[in-house]
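Residue-level structure breakdown
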Amino acid sequence: MQNIDLAYLVNIGARIRTLLQLDSKSAPTSQWATITVSREAIEELVFRSVYSSYFNGPLQASATKLLSELDVKLNKAWPENENAGSQLNEFETGQIIARFNRFEAVLESELQGIGGYLVTKKSGFEITSMVANGTVFFPKGIAEAIPEAVDDLNQAMRCIAFELPTAAGFHLHRANEAVLRRYWDTASAGQDRPKKANMGVYLAALKKEGFGKQPTLDQLKSLKDFHRNPLMHPEQSLETVDDAVDLMAAIRCSIGYMLQEISASKPAPTVS
């Protein structure tokens, strides 16, 4: 996945099209500066930018021809050459602009074929965080307390952002069960974990042994009955992004309850 910097595209597009301002009546130094700005932008976009690997041979070939022609003209207009800079005449500037127009047509075609997409907001959530740092939507301290849940939480929020609700559901449940295993360790004071690592088995064992606080157990049971069990059947899925956001809210709540008990069980730091 590659983040698209729209401001970069606007900026480099303006730099590239500077070449259309090339004027045969301008002084050689002005012509040289105009060509230089455009040439550097073309080379950067086609051969050195994050988009380079998406461009096909025709664009690279067109860019190479244009850059070669610009290099010849740059040498002629170079202010410090032996002729102290030679002005490009109307025919020469016309040649450059015609070559540029052919290049720009190929570039436009290539950019249309790349296929960029705009990720829209979901329930007012900030998109950059959803894609790059999903744990910020969950209780503070989750990354430090339960690091094994981090990847699934990040993947879940990314799936919601990209409108993959069922995939988000699986990642959310995986993250919740990672916290549940740690919760068992705390609530049971370190007893062996149940052999079957699924939510129903853990909840049954917690209830049987009288481990954990009732509000936490009630929240987990509600999550299992109304959200997890239906999603485990192949014919079921989360139909909409709103369904995934609802599940995310329920799992955030259950993780919050469990994390409170886990954190409360840790000894307070000593003060020397």
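Described below are features of the structure shown in this document. These numbers come from a predicted model, not from an experiment. (Residues numbered from 1 in each chain as written. Predicted model: local features only at pLDDT ≥ 70, side-chain atom pairs only at ≥ 80, totals over all residues. Heavy atoms only, no water.)

A closer look at the overall build of the chain
Per the secondary structure count, the chain includes 11 helices and zero strands. Taken from the N to the C terminus, the helices and strands of the chain come in the order α-α-α-α-α-α-α-α-α-α-α. For 272 residues, the compact-globule formula gives about 19 Å, and the C-alpha radius of gyration of the chain, at 30 Å, lies well above that figure. Projecting the C-alpha coordinates of the chain onto the three principal axes gives extents of approximately 95 × 60 × 30 Å. By the burial criterion, 42% of the 272 residues in the chain qualify as buried. Of the contacts formed within the chain by residues at least 6 apart in sequence, a portion of 66% connects residues at least 24 apart. Carbon together with sulfur atoms contributes 52% to the accessible area of the chain, which is approximately 15,400 Å² in total. (Helix = DSSP H or I, 4+ residues; strand = E, 2+ residues; numbered from the N terminus. Rg over C-alpha atoms; globule rule 2.2 N^0.38 Å. Buried < 20%, exposed > 50% of the residue type's maximum accessible area, 1.4 Å probe, protein only. Contact = heavy atoms within 4.5 Å. Areas by Shrake-Rupley, 256 points an atom, 1.4 Å probe, with all protein chains shown as cover.)

A look at the side chain of Lys 73
With respect to the secondary-structure elements, Lys 73 resides in helix H3 (residues 57–77). At 4.1 Å, Glu 69 is the nearest oppositely charged side chain to Lys 73, a buried residue that forms no salt bridge. Apart from the residues lying within four places of it in its own chain, the contact partners of Lys 73 are Ile 35, Leu 88, Glu 92, Gln 95 and Ile 96. (Lys, Arg positive; Asp, Glu negative; His and termini not counted. Salt bridge = Lys/Arg side-chain N within 4 Å of Asp/Glu carboxyl O.)

Thoughts on the nonpolar core
Ranked by size, the top nonpolar core spans 45 residues in total, and within it Phe 138 and Ile 160 carry the most contacts. Here this core takes 11 residues from helix H11 (residues 241–265), the largest share from any one element. The contacts of Ile 160, once residues within four sequence positions are left out, are Lys 122, Met 130, Ala 168, Val 241, Ala 244, Val 245 and Met 248. Of all hydrophobic cores here, the second largest spans 23 residues; its members include Ile 35, Leu 66, Leu 67 and Ile 96. (Core = buried A, V, L, I, M, F, W, Y, C linked by side-chain atoms within 4.5 Å.)

Considering helix H8 (residues 165–187)
The terminal C-alpha atoms of H8, which comprises 23 residues, lie 32 Å apart, in line with the 33 Å expected from a rise of 1.5 Å per residue. After H8 finishes, the residue Ala 189 shows a positive phi value of roughly 60°. (Expected span 1.5 Å × (residues − 1).)

Examining the environment of Gln 60
Positionally, Gln 60 belongs in helix H3. Classification of Gln 60 as partly exposed rests on a relative accessible area of 29%. Separated by 13 residues in sequence, Gln 60 and Phe 47 place their C-alpha atoms 7.8 Å apart. Ignoring any residue separated from it by four or fewer positions in sequence, one finds Gln 60 in contact with Val 46, Phe 47, Ser 52 and Phe 55.

Observations regarding the environment of Ala 132
In this fold, Ala 132 is placed in helix H5 (residues 127–132). With 22 residues separating them in the primary sequence, Ala 132 and Asn 154 have C-alpha atoms 7.3 Å apart.

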